[in-house]
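Chain by chain, the residues:
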Amino acid sequence: MSDCDEMTEMTNSLWLRLSLVVNLLITFVSFPVLFTALYYINTQQLFHRNTRLQIKVHIFALLAHSIGRVGLHSFDLVNYFTNTGCDALPNFYRCLIVRGLYNFGMALAAMCATSLVIERSVALLYNSTYEMCGKGFGILLGLLQLLLAFAFLFKLYFDASFTPVPNVTLYYCQTLASGHGSVWTINAPLYVVMVGQCICRLIFWYLEVQTRKRRNNQKLQTLSTRYTLEQGIRSIRALNMFINANCFVFFFLSFIGTTLHFNAPNMRRPTYFALVEVIHFVPTYGILLSVYTYYSLKKLDSKQKSSLTRSIQVDPSYYLTEFKKQIS
């Protein structure tokens, strides 16, 4: 089959068009949800300022991915509905830019779990003074996310070509496919992400256990330390679903993505590319995570207000007794 016939099959594929249209609509929905989440997290006092900063970097990454996705799918759909045959072959440089933004957002979003684990580890280690920790540490962790994302992309694009390759036809906006590296050049970084997500989840579970132990051991604890540990417990409860979703989604993307990549020769091109866009459901993940986090935080706020109301109703002499125990 000639290149022109291949592109005619691509442009007429119902499944590829349906995949692009559905993903584009979901991506449009994700913008107001993510901007609302960004505003809401910025006003949430449940999290330490540095925790909020890591989450904001994560939301920025999801927005960057969504912007790249809108450009990618919009150009492709217009191309498929207005052109056919060789006229529908995608422009290499346009694909390089929009797919690059798409991949950058996804890579950066995958690094959030690492920075949150480090931030919560330091909060536990220095629980007596961490409440006063400034934004500088949070900014460093945000830069670490960027560094890890760029390291991932450097390895991913190491053997990729940044100019059109002679005798290599670009049927779809995947410029990595025009590179000369082995299949492991593309898949090795994905396996690293898979392992990293599993390790982060285990460490986060360990941090939760240790924070609870320290909170329950009230000997030699100042009121400031107790407050920091209590805030740590509340933060971990709220972040549990965030970490679980982050680990599951990017483990899933890495595992299914590599499996699909290895089976690509046994599939028709339109079907393969349609499935590639379906499994990269990052905007859907952003929408569901934002909605769940919002209602989870509302529930925690409600519990905190109920606890505060009960505390106000306690006999004031109780607090005087506790204060005397602290200074004795």
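Criteria and thresholds
Numbers given for residues are sequential positions, taken from 1 along each chain in its written order. Owing to the predicted nature of the model, reporting of local features is limited to residues with pLDDT of at least 70; listing and counting of side-chain atom pairs is limited to 80 or more, with chain, interface and lining totals taken over all residues. Just so you know, side-chain values use all the structure's heavy atoms and leave hydrogens and water out. By the criteria applied, helices consist of DSSP H or I runs no shorter than four residues and strands consist of E runs no shorter than two, each listed in order from the N terminus. Working rule for helices: expected span equals 1.5 Å times residues minus one. Only protein chains enter the accessibility calculation, which uses a 1.4 Å probe; a residue whose area is less than 20% of its type maximum is buried, one above 50% is exposed, and one in between is partly exposed. By arc we mean the arc of the directions from the helix axis to the C-beta atoms, nothing more. UniProt positions are given in the numbering used here, feature names are shortened, and annotations may be inferred rather than shown by experiment. Salt-bridge detection follows one rule: a side-chain nitrogen of Lys or Arg within 4 Å of a carboxyl oxygen of Asp or Glu. Disulfides are defined as pairs of cysteine sulfur atoms found within 2.5 Å of each other. Aromatic pairs are defined between Phe, Tyr and Trp rings, using the six-membered ring for Trp, whenever the two ring centres lie within 6.5 Å; interplanar angles under 30 degrees are classed as stacked, those over 60 as edge-to-face, and all others as tilted.

### A short note on helix H6 (residues 135–156)
Taking 1.5 Å per residue as the helical rise, H6 with its 22 residues ought to reach 32 Å, and the 31 Å between its terminal C-alpha atoms agrees with that figure. Considered for burial, the residues of H6 that qualify are Gly138, Leu141, Gly142, Gln145, Ala149, Phe152, Leu153 and Leu156. For H6, the buried positions fall inside an angular range of 120 degrees around the axis, keeping them on one side. With respect to the buried face of H6, the exposed residues turned more than 90 degrees away are Leu140, Leu147 and Phe154.

### Describing the UniProt feature "transmembrane region" (unreviewed entry) in the chain
Per the UniProt annotation, the sites labelled "transmembrane region" (unreviewed entry) are residues 20–41, 139–158, 188–207, 241–260 and 272–295. End C-alpha atoms of residues 139–158 are separated by 28 Å, and the span's content is 90% helix alongside 0% strand. Measuring from the first to the last C-alpha atom of residues 272–295 gives 37 Å, for a span that is 92% helix and 0% strand.

### With respect to the pattern of salt bridges
For the coordinates displayed, the defined rule picks out 6 salt bridges. Note that Glu9 is salt-bridged to Arg268, the shortest N-O span being 2.3 Å. Taken together, the residues span a long stretch of sequence, with Glu9 in helix H1 (residues 3–11) and Arg268 in the loop between helix H8 (223–262) and helix H9 (269–279) at a distance of 259 residues. Three or more residues joined by partner-sharing salt bridges are found here, namely Arg69, Arg99 and Glu277.

### A few points about the state of the cysteines
Counted according to the given criterion, the structure contains 2 disulfides. Across the disulfide, Cys4 is cross-linked to Cys86 (sulfur-sulfur distance 1.7 Å). Torsion about the S-S bond of the Cys4 and Cys86 cystine: about -90 degrees, corresponding to left-handed handedness. Of this pair, Cys4 sits in helix H1 while Cys86 sits in the loop between helix H3 (49–82) and helix H4 (92–109), and the two are 82 residues apart along the sequence. On the accessibility criterion, Cys4 (31% relative accessible area) is partly exposed.

### What to know about the packing of aromatic side chains
Any two aromatic rings considered together are summarised by their centre-to-centre distance and by the angle between their planes. Applying the stated criterion across every chain yields a total of 10 aromatic pairs. A ring pair is formed by Tyr157 and Phe162, whose centres lie 6.2 Å apart and whose planes are at 25 degrees; its orientation type is stacked. A relative accessible area of 47% means that Phe162 is categorised as partly exposed. On the numbers, 5.9 Å between centres and 80 degrees between planes, the contact of Phe250 with Tyr285 is edge-to-face. With a gap of 35 residues between them, Phe250 in helix H8 and Tyr285 in helix H10 (residues 282–312) connect regions that are remote in the sequence.

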